[in-house]
Amino acid sequence: MVTKKPPAKVAPVKRRLPKTEQTINVSVAAPTKSEPKKDDSTLGKIIGLIEWVDNPFKLFTVILLAFLAFAGYFAWDSRQVLLHAITTQDKMPQLAKQENLLAPARSLFKDVDGIVLLIHKANLATNSRTTVLALNSDGSREKSMEGTVTSLFNASADRNSAMVAMLNGEVLCEEFNPSSKVGEWGIKQGVKFMCRGSIPPDLGKFAGYVAIGFKEKQEDIAALKTRINLASTDMSEE
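A short tour of the structure in this document, coming up. Quick caveat, the model's predicted, so the values are computed rather than measured. (Residues numbered from 1 in each chain as written. Predicted model: local features only at pLDDT ≥ 70, side-chain atom pairs only at ≥ 80, totals over all residues. Heavy atoms only, no water.)

### Points about the pairing of strand E6 (residues 193-199)
Here comes step 1: The element E6 is largely enclosed, with a buried count of seven among its seven residues.
Here comes step 2: Relative to E6, strand E5 (residues 171-175) runs antiparallel, the two being bridged by five bridges. Looking at E6, one finds that glutamate 174 is bridged to methionine 194.
Here comes step 3: The pairing of E6 with strand E7 (residues 208-214) spans seven bridges and is classified as antiparallel. By the bridge assignment, glycine 197 is partnered in E7 with valine 210. (Buried < 20%, exposed > 50% of the residue type's maximum accessible area, 1.4 Å probe, protein only. Helix = DSSP H or I, 4+ residues; strand = E, 2+ residues; numbered from the N terminus. Pairing = 2+ DSSP bridges.)

This is the structure we're talking about:
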């Protein structure tokens, strides 16, 4: 009799599950373009302004703002002189009458050898001047210029600096740049250099001023200023 062996026990086989792959998404930001560094220097600002002005309207805006800035700075810088002159205008001497201006004007004109002489009456309260006397190189009157009314202060830096100088009792002599109808007439007469002096010449007193035009810069400016002051004394009435 044959004895059957029981079947061998087989150990259970452990199945290995496939490993799941984990995907990690890494997003890489695209490199950003670095903005050019802003130039805050004066030159950089000027270049930026030029680039900004790309049409006539912007150009007009820049010109207008520049004018307003200049006018504001000038008014602030000269505020004490202007305020004193305006508030004391009622006590100011008056310009002599036209017939009484002719003699001292022609005498001055002859002594300094000018080619144009102008006398303006000033009104600081209204920022205006009236040309009361205009002389040609031969001493004759240029009546077409007499009675012309223009502003005392305007956009002309030369005119404004001359005004402040005269309010301070100074005579200012410099190259002439016209800024009015009367000035254009002077240019046509050949004026390239001009001296302006307050009437009367005293500090803080300003009834008007005398202006003398020359063909070229004068040599003895000190003597010229003294002669203008002497003549302007006779051109006012207390």
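Still more ground to cover, so stick around.
### A few points about helix H4 (residues 98-112)
Here comes step 1: End to end, H4 covers 21 Å across 15 residues, agreeing with the expected 21 Å (1.5 Å per residue, within 8%).
Here comes step 2: Within H4, the full set of buried residues consists of Leu101, Leu102, Pro104, Ala105, Leu108, Phe109 and Val112.
Here comes step 3: Taken from the residues just after H4, aspartate 113 is the one with a positive phi, measuring 60°. (Expected span 1.5 Å × (residues − 1).)

### Description of the pattern of salt bridges
For side chains of opposite charge, pairing can occur when their charged atoms come near one another.
Here comes step 1: Under the counting rule described, the total for this entry stands at three salt bridges.
Here comes step 2: The salt bridge involving arginine 227 is made with aspartate 111; its shortest N-O contact spans 2.9 Å. Within this pair, whereas arginine 227 is found in helix H7 (residues 221-233), its partner aspartate 111 is found in helix H4, the two being separated by 116 residues in sequence.
Here comes step 3: Arginine 141 is the salt-bridge partner of glutamate 146, the closest N and O atoms lying 2.7 Å from each other.
Here comes step 4: Classification of glutamate 146 as buried rests on a relative accessible area of 16%.
Here comes step 5: Here arginine 141 falls in the partly exposed class, since its relative accessible area comes to 29%. (Salt bridge = Lys/Arg side-chain N within 4 Å of Asp/Glu carboxyl O.)

### Remarks on the side chain of glutamate 142
Here comes step 1: Tracing the backbone shows glutamate 142 in the loop between strand E3 (128-135) and strand E4 (149-151).
Here comes step 2: At 9.5 Å, lysine 181 is the nearest oppositely charged side chain to glutamate 142, a buried residue that forms no salt bridge.
Here comes step 3: Reaching out from glutamate 142, the side chain makes a polar contact with the side chain of asparagine 136 at a distance of 3.2 Å.
Here comes step 4: When neighbours within four sequence positions are excluded, glutamate 142 is seen to be in contact with Ala134, Asn136 and Trp185. (Lys, Arg positive; Asp, Glu negative; His and termini not counted. Polar contact = N/O pair within 3.5 Å; in protein donor to acceptor, adjacent residues only side chain to side chain. Contact = heavy atoms within 4.5 Å.)

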